[in-house]
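Secondary and tertiary structure notes
Here is what each chain is made of, one letter per residue.
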Amino acid sequence: MRTQVAIIGGGPSGLLLAQLLHAQGISSVVLERQTRAHVLGRIRAGVLEQGLVGLLEKAGCADRLHAEGFTHDGTLLSYGDQMFRVDFTEHVGKPVVVYGQTEVTRDLYAASDAAGGKVLHSVQNVVIDDADGDSPSVTCEIDGEPFRIDCDFVAGCDGFHGVSRKTIPESVRKEFEKVYPFGWLGVLSETPPVNHELIYANSPRGFALCSMRNAKLSRYYIQCSLDDSPDNWSDAAFWDELKRRIPEDQAAQLITGPSIEKSIAPLRSFVTEPMRWGRLFLCGDAAHIVPPTGAKGLNTAASDVHYLFEALVAFYKFGSTEDIAAYSDRALARVWKAERFSWWFTTLMHQFPGQSEFDLKMQIADLEFLRSSASAQKAMAENYVGLPY
Ligand code: RFL
Ligand code: PHB
């Protein structure tokens, strides 16, 4: 089979790129290792920057997002008994939208189905060949049968554990990593959110986050140890611990109920450079990971998709290779700023094993500065709503 762009990975990056290309008449095939049901069963991001909303509009799949998503003009931060609000619209004139990644992915699949898009599932043993030559190809197995795609370009949208990044020779690739000594235990429950905005809480017992998917579906996280397991946490124990980590008045109004999903995610900062090798481009989690504090993962994946889409359109419409050559530098310039923000916000809000009294004082001083300084709030808001593409 032949296509213009072979896309490895049918998560949000791969599906969004495919839809944007389709709207420009550029053909693609998406190869996804899992079933569609598996991809749609993953509970992940919940906060979308305007940049991602704009891309979804351009891809023709933002109708449900506009109907069901919630505009958030600010967020709450707490430490000790203090709680304060950072107002995004006041400081930078832009809100964020709360709409689950699962729903974004569902909408992208629906748009792909409507457009007759080619998304092949349960694809095994993907190998990318000749990515640094003029005619790359991708081989794999589908239902045990060999399958080959010849293409002009390969987009590696296959997440942190995919094959695309590892296709770039080690002599070319440089990786930067920071692993945090804790994880997030997340719970999804069919209960109304405790507050109409998100609450990021720094407590002596560890970080907590109160988030949501809609008016009847809440998403809560608590910092946990890396060797912990969701099986160690009954629903009652989770709610008790969450209540101890958020301000008393919020805990008093928290409505609890049975969890419908419970999982632990490790926290990591990771970047690989470069993000292009010949005709292979890395996009999203395949190239970088942020800790979830600050909600930058999916949004940074979206900015990669934007730069890659622009580069491919310039190539196919005008024969220009300038943007293709610039892709890695352009994407990385924004990626590193999102990495910095996510690292800063994670460091500010979590308890670190072995943290000294001095380190704790620094966290509190940083939080008090943020609470009292309009310019510090503006800098936070600017990063939270998303830096320009
Ligand atoms: P994905 O979503 O991992 O999709 C990659 C796809 O590639 C497939 N794949 C392969 N396919 C073929 N062959 C192979 N060899 C393959 N290997 C893998 C996989 O099955 C998968 O379907 O990467 P993508 O598309 O780059 O999207 C990135 C986002 O998923 C990720 O950055 C966010 O979920 C991170 N994240 C958040 N980001 C935000 O912007 N805002 C948030 O509020 C937010 N909250 C979160 C998060 C991530 C979390 N976890 C669990 C990691 C909260 C959590 C708890
Ligand atoms: C979520 O709702 O899953 C969520 C929200 C904000 C974050 C991370 C995760 O910073």
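1. Thoughts on the pairing of strand β11 (residues 145-150)
By the bridge criterion, 6 bridges tie strand β10 (residues 137-142) to β11 in an arrangement that is antiparallel. When the bridges of β11 are listed, Ile142 appears paired with Glu145. If you look at the hairpin formed by β10 and β11, you'll find 2 residues sitting between the two strands, and Asp143 has a positive phi there, around 50°.

2. So, the sheet that holds β10
The strand order across the open sheet built from 3 strands is β9-β10-β11, with neighbouring strands paired in antiparallel fashion. Each having just a single partner strand, β9 (123-129) and β11 make up the two edges of the open sheet. With strand direction ignored, the average angle separating the axes of adjacent strands in the sheet is 20°. With 5 bridges joining them, β9 and β10 adopt antiparallel strand pairing. The residue bridging Val123 from the neighbouring strand is Ile142, located in β10.

3. Some points on the nonpolar core
Formed by 68 residues in total, the largest nonpolar core has its most connected members in Ile7, Leu16, Leu48 and Leu56. Ranked by the residues each element gives to this core, the list is headed by helix α10 (residues 297-318), at 9 residues. Leaving out residues up to four positions away in the same chain, Leu16 has contacts with Leu52, Leu55, Leu56, Ala59, Leu108 and Val305. Listed in part, the 31 residues of the second largest apolar core include Val86, Trp184, Phe207 and Met349.

4. With respect to the domain arrangement of the protein
Per the domain assignment, the segments making up the protein are domain 1 (5-70 + 98-177 + 268-346) and domain 2 (181-267 + 351-385). One C-alpha centre belongs to domain 1, the other to domain 2, and the line joining them spans 29 Å. Opposite the 23 residues of domain 1 that make contact, domain 2 presents 22 residues. One can count 0 salt bridges joining domain 1 with domain 2. Joining domain 1 to domain 2, the criterion identifies 4 residue pairs in polar contact (both at pLDDT 80 or more).

5. Examining the site of ligand 2
As a structural note, the neighbourhood of ligand 2 is formed by 14 residues, with Tyr200, Ser211, Arg213, Tyr221 and Pro292 the closest of them. Residue Arg44 places a main-chain N or O atom 3.4 Å away from an oxygen atom belonging to ligand 2. In isolation ligand 2 has 280 Å² of accessible area, and contact with the protein removes 97% of it. Of all the secondary-structure elements, those providing two or more residues to the shell around ligand 2 are β15 (208-214) and β16 (217-224). The element contributing the most residues to the shell around ligand 2 is β15, with 3 residues. A domain-level breakdown of the shell around ligand 2 finds at least three residues from each of domain 1 (5-70 + 98-177 + 268-346) and domain 2 (181-267 + 351-385).

6. Concerning the site of ligand 1
Contacts to ligand 1 come from 31 residues, most closely from Glu32, Arg42, Gln101, Asp285 and Leu298. One of the side-chain N or O atoms of Ser13 is found 2.7 Å from an oxygen atom in ligand 1. Gly46 is positioned with one of its backbone polar atoms (N or O) 3.0 Å from an oxygen atom of ligand 1. Considering ligand 1 on its own, with 1,000 Å² of exposed area, one finds that the protein chains cover 88% of that surface. At the level of secondary structure, the elements contributing two or more residues to the shell around ligand 1 comprise α1 (12-23) and α10. For the shell around ligand 1, the element with the highest residue contribution is α10, accounting for 3 residues. A class-by-class count of the residues in the shell around ligand 1 yields 13 nonpolar, 11 polar and 7 charged.

7. Examining helix α13 (residues 374-385)
Helix length check: α13 (12 residues) gives 16 Å between terminal C-alpha atoms against 16 Å at 1.5 Å per residue, within 8%. Along α13, the residues classified as buried are Ala376, Gln377, Met380, Ala381, Asn383, Tyr384 and Val385. Immediately beyond the C-terminal end of α13, within one or two residues, lies Gly386, with a positive phi of roughly 110°.

So, how was this worked out
- Residues numbered from 1 in each chain as written.
- Chains lettered and ligands numbered in written order.
- Predicted model: local features only at pLDDT ≥ 70, side-chain atom pairs only at ≥ 80, totals over all residues.
- Heavy atoms only, no water.
- Pairing = 2+ DSSP bridges.
- Helix = DSSP H or I, 4+ residues; strand = E, 2+ residues; numbered from the N terminus.
- Axes fitted to C-alpha atoms, helices over the stretch in contact; angles between N-to-C directions.
- Core = buried A, V, L, I, M, F, W, Y, C linked by side-chain atoms within 4.5 Å.
- Buried < 20%, exposed > 50% of the residue type's maximum accessible area, 1.4 Å probe, protein only.
- Contact = heavy atoms within 4.5 Å.
- Domains from an automatic or database assignment.
- Salt bridge = Lys/Arg side-chain N within 4 Å of Asp/Glu carboxyl O.
- Polar contact = N/O pair within 3.5 Å; in protein donor to acceptor, adjacent residues only side chain to side chain.
- Near = heavy atom within 4 Å.
- Areas by Shrake-Rupley, 256 points an atom, 1.4 Å probe, with all protein chains shown as cover.
- Nonpolar A, V, L, I, M, F, W, Y, C, P; charged D, E, K, R; others polar.
- Expected span 1.5 Å × (residues − 1).

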